[in-house]
Amino acid sequence: MFQKVLIANRGEIAVRIIRACREVGLNTVAVYSEADRQALHVRLADEAYLLGPAPARESYLRADKIIEIARKSGTDAIHPGYGFLAEREDFAEACQENNIVFIGPRPSAIAAMGDKMTARETVRKAGVPVVPGTEDVGNLSDDDLLDIAPRIGFPLLIKATAGGGGKGMREVRSLEEMPELLKSARREAESAFGDGNVYLEKLVEGARHIEIQILADTYGNVIHLNERECSIQRRHQKLVEEAPSAFIDEALRQKMGEVAVKAAQAVNYVNAGTIEFLVDKDHNFYFLEMNTRLQVEHPITEIVTGIDIVKEQLRIARGRPLQYRQEDIKINGAAIECRINAEDPYNNFIPSTGKIAHSQIPTGPGVRVDTGVFPGFEITPFYDPMISKLIVWGETRAQAIMRMRRALEEYRIVGVRTNIPFHQTLMDSPRFMGGQYDTRFVEERFSMKEQDDPALAEIAAVFATLAAHHQSQQAAQFVQRNERDTSNWKWLGRWERIHR
Ligand code: MV4
């Protein structure tokens, strides 16, 4: 049991965790850097302690200082949030050694899933489908890999064992180009992770990125909260997430859920976690990796399931059993999250810094905004550029899209550039409306450039009308039928702003 929780994080997620603690009567301790003296998480916590200078390595990554503050303040639990120390097995271990509850999985599960080759082997042996590729753990030499590659077949991917997030990843089209690519992948992995070890997987092209939320208690009960569709991303940064996925039917949802539970059980997982899958055009799905933490996009799952994931994390960490069985988990409507970043979508998404002079945050029915900033707060280059998460709910996916458009229109942020125009363009895109996108969509088929196309305007107008009248099935079908039956879709590779 614990009564006081230190939140080893900043920004919107620190605020989110403080709120959950407050609602269940737990005391909170914030930690902050010199850049965050005025931050919202500092204001909302019961106590706050300075960690050090703005750079993360001198503040939010200082595991030693955080544990020292926890001890001094009589804290008996630490929530790491996401990023920073969340998936550092040594930090979870250090908490244990100091009799502090780490609100997350056991160090052994973090380690098993943190090493991507070990993760792949562990879940494969538990019957979880993985992409065909190398089937060993340990250091594979270039000679080994060049020998195995033709049996896997090209194109294939070189992946870093210590990787994740695409670092140290290389696409290989032929055996001839492989030695050079092995060298550069190893070099990149060595400098990013201090570990040049790599493995191989067949390349799955045009796949979707779909992940399953897991909850597991200390008694071996594991349930899943269905999927999140995360294919709208750019350079491995997610921009929009949806729950449920328009691409997944009930049978596939159930199958992926069962497999995700198996993957979690394979490492004796405890607390909240996420199993990432690639889903190809033919609905084959493959384990990619497991995120052993609370994720940025957890709110869309909360919205459609009605479950407060952070409160469940706290309960699990307190040794309580899960209060839901699998058959209790239902999906109500549809949720979409847009990550609002301080970056310029008209200029290659370069980060934008400065003081937030003014903001007008959307509210009203079905709208949730999770943020750690406010007018007067300075956006610095020290941390990631996400300033808020705009989350909406709708009875149907079409309703959620219409509501997201409304909310984006209401949103005003003055002082920094934001990617709100990107989200507006996306929400007006017939391909997005029809749910017809994969992980290449933003980088390869989407552009902010304006283009007047009356045919697309008409599709969007009919979609809007049907959506407004709760006829979302027809709205979705309308968009899909048009792709097959008319030539309007030749426009879709280009920019798609609809003029109203
Ligand atoms: C893949 C893949 C295709 N085939 N593996 C990217 C980061 C890392 N988490 C795994 N990633 C991928 N692995 C095989 N065998 C394509 C990607 C990938 C990707 C995955 C999820 C979301 C966005 C992505 C963007 C580019 C590539």
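Student: Before we go on, may I ask you to explain the site of the ligand in this structure?
Tutor: If you check the shell around the ligand, you find 16 residues, and the closest are Lys 159, Glu 201, Lys 202, Val 204 and Glu 289. Separating a nitrogen atom of the ligand from a side-chain N or O atom of Glu 201 is a distance of 2.9 Å. With respect to the ligand, the backbone of Val 204 contributes an N or O atom lying 2.9 Å from a nitrogen atom. For the ligand, the accessible surface in isolation is 520 Å², of which the surrounding protein chains cover 87%. Put simply, the parts of the chain that give the shell around the ligand at least two residues each are strand E6 (156-160), strand E8 (198-202) and strand E13 (285-291). Grouping the amino acids of the shell around the ligand by side-chain chemistry returns 7 nonpolar, 5 polar and 4 charged.

Student: Whenever I open this one, unusual backbone geometry confuses me. Can you help?
Tutor: Most peptide bonds are trans, and most residues other than glycine sit at a negative phi. Note that the residue after Phe 154, namely Pro 155, is joined by a cis bond; omega there is -5 degrees. Inspection of the secondary structure assignment puts Pro 155 in the loop between helix H7 (142-152) and E6. The peptide bond linking Ala 243 to Pro 244 adopts the cis configuration, its omega dihedral lying at -5 degrees. Within the fold, Pro 244 resides in the loop between strand E11 (237-243) and helix H9 (250-265). For Phe 84, which is not glycine, the phi torsion reads 40 degrees and is therefore positive.

Student: Whenever I open this one, the side chain of Glu 302 confuses me. Can you help?
Tutor: Tracing the sequence through the fold places Glu 302 in helix H10 (residues 298-305). We classify Glu 302 as buried; its relative accessible area is 7%. A distance of 2.7 Å separates a polar atom in the side chain of Glu 302 from a polar atom in the side chain of Arg 16. Sequence-distant contacts of Glu 302, that is, excluding residues within four places in its chain, are made with Arg 16, Ile 307, Asp 308, Ile 309, Val 310 and Arg 368.

Student: Help me understand the pairing of strand E19 (residues 367-371) in this model?
Tutor: Every regular strand shows the same layout, with side chains that alternate between the two sheet faces. Burial analysis of E19 places 5 of its 5 residues in the buried class, the great majority of the element. Alternating residues of E19 divide into Val 367, Val 369 and Thr 371 and Arg 368 and Asp 370, and every residue in both groups is buried. Of the strand pairs in this sheet, E19 and strand E21 (residues 386-394) are connected by 5 bridges, and their pairing is antiparallel. The residue bridging Thr 371 from the neighbouring strand is Ser 388, located in E21.

Student: For this particular structure, what's the right way to read the pattern of salt bridges?
Tutor: Two side chains that carry opposite charge are able to pair once their charged atoms sit near each other. A complete count under the given rule lists 41 salt bridges for this structure. In this structure, Glu 302 engages Arg 16 in a salt bridge whose closest nitrogen and oxygen atoms are separated by 2.7 Å. Taken together, the residues Glu 302 in helix H10 and Arg 16 in helix H1 (residues 11-23) connect sequence positions 286 residues apart. Neither Glu 302 nor Arg 16 differs from the other in exposure class; each is buried. A salt bridge links Glu 289 to Lys 116, with the nearest nitrogen and oxygen atoms 3.7 Å apart. Taken together, the residues Glu 289 in strand E13 and Lys 116 in helix H6 (residues 116-125) connect sequence positions 173 residues apart.

What counts as what
- Residues numbered from 1 in each chain as written.
- Predicted model: local features only at pLDDT ≥ 70, side-chain atom pairs only at ≥ 80, totals over all residues.
- Heavy atoms only, no water.
- Near = heavy atom within 4 Å.
- Polar contact = N/O pair within 3.5 Å; in protein donor to acceptor, adjacent residues only side chain to side chain.
- Areas by Shrake-Rupley, 256 points an atom, 1.4 Å probe, with all protein chains shown as cover.
- Helix = DSSP H or I, 4+ residues; strand = E, 2+ residues; numbered from the N terminus.
- Nonpolar A, V, L, I, M, F, W, Y, C, P; charged D, E, K, R; others polar.
- Buried < 20%, exposed > 50% of the residue type's maximum accessible area, 1.4 Å probe, protein only.
- Contact = heavy atoms within 4.5 Å.
- Pairing = 2+ DSSP bridges.
- Salt bridge = Lys/Arg side-chain N within 4 Å of Asp/Glu carboxyl O.

The analysis is restricted to geometry; functional conclusions fall outside its scope.
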